[in-house]
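Chain by chain, the residues:
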Amino acid sequence: MEFKQFNANPKQWKREGDCVVRALCVALDQTWEETYKELFELGLKKCTMPNSKSTYEAYLKQKGWVKHKMPVWYDAFGRRQRYTIRALAKEYPDMKAVISVANHLTYVEEGTLIDTWDCSIKSVGNYWTKGGEV
């Protein structure tokens, strides 16, 4: 898996808690500002924060992205295992997905993780793909 270090934040702040905005603006091919404003407006309607799970899930749905449950696989002993971002990207090399990991949202496009830091060893929670394509 390739890692492309990229910070869509126009001020290049790294510890702003804006991973939701950064991941979504890259996935949606929008500016950071446009994405932030749209999330803010939706959050205001829902009375939630722009980066809350309920806000960004509704936002992705509005934009035509489909939610997939946490993917799992079973090892040789029948034990349920979680995919890492790296393993999921290897399994689906053409995938474009917004991926939730513990306390973070990131974006993978065709085997490349695009983020401010390499979180490829983190376990995948739910993830979203455009139109449900994996």
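Description of the packing of aromatic side chains
- Tallying each qualifying case throughout the model produces 2 aromatic pairs.
- When the ring of W32 is compared with that of Y36, the centres are 5.4 Å apart and the planes differ by 15°; the resulting orientation is stacked. In this pair, W32 and Y36 are both assigned in helix α2 (residues 32–46), 4 residues apart and thus about one turn of the helix distant.
- Take Y36: its relative accessible area is 38%, and that puts it in the partly exposed class.
- Here the aromatic rings of Y56 and W128 are separated by 5.8 Å at their centres, their planes lie at 80°, and the arrangement is edge-to-face. Of this pair, Y56 sits in helix α3 (residues 53–62) while W128 sits in strand β8 (residues 127–130), and the two are 72 residues apart along the sequence.
- Classification of Y56 by relative accessible area gives buried; the value is 7%.
- The ring of F6 carries the charged tip of K4 above its face, separated from the ring centre by 5.8 Å.

Focus: the side chain of Q30
- Mapped onto the elements of the fold, Q30 is located in the loop between α1 (19–28) and α2.
- Within the local environment of Q30, its side chain forms a polar contact with the side chain of T35, the two groups lying 2.9 Å apart.
- Within polar-contact distance, the side chain of Q30 engages the side chain of Y59 at 3.0 Å.
- Setting aside its immediate chain neighbours within four residues, Q30 contacts C25, T35, E38, Y59 and K63.

Criteria and thresholds
Here the residue index of a chain counts from 1 through its sequence in written order. With the structure being a predicted model, the display of local features is reserved for residues of pLDDT at least 70 and the display and counting of side-chain atom pairs for 80 or more, all residues being used for whole-chain, interface and lining totals. Side-chain measures here rest on the full set of heavy atoms in the structure, leaving out hydrogens and waters. Stacked, tilted and edge-to-face are the three classes applied to pairs of Phe, Tyr and Trp rings, where Trp contributes its six-membered ring and a pair requires centres within 6.5 Å; stacked means planes under 30 degrees apart, edge-to-face means over 60, and tilted covers the rest. Secondary structure follows DSSP: runs of H or I at least 4 residues long count as helices, runs of E at least 2 residues long count as strands, and numbering of each begins at the N terminus. Throughout this description, buried means an accessible area under 20% of the type-specific maximum (1.4 Å probe, protein chains only), exposed means over 50%, and partly exposed covers the range between. The criterion for a charge sitting over a ring is simple: Lys NZ or Arg CZ within 6 Å of the ring centre, and within 35 degrees of the ring normal. Polar contact is defined as a pair of N or O atoms within 3.5 Å, subject to the rule that within protein one atom must be able to donate a hydrogen and the other to accept it, and that residues adjacent in sequence are counted only when both atoms are side-chain atoms. By definition in these notes, contact holds between two residues if any of their heavy atoms fall within 4.5 Å.

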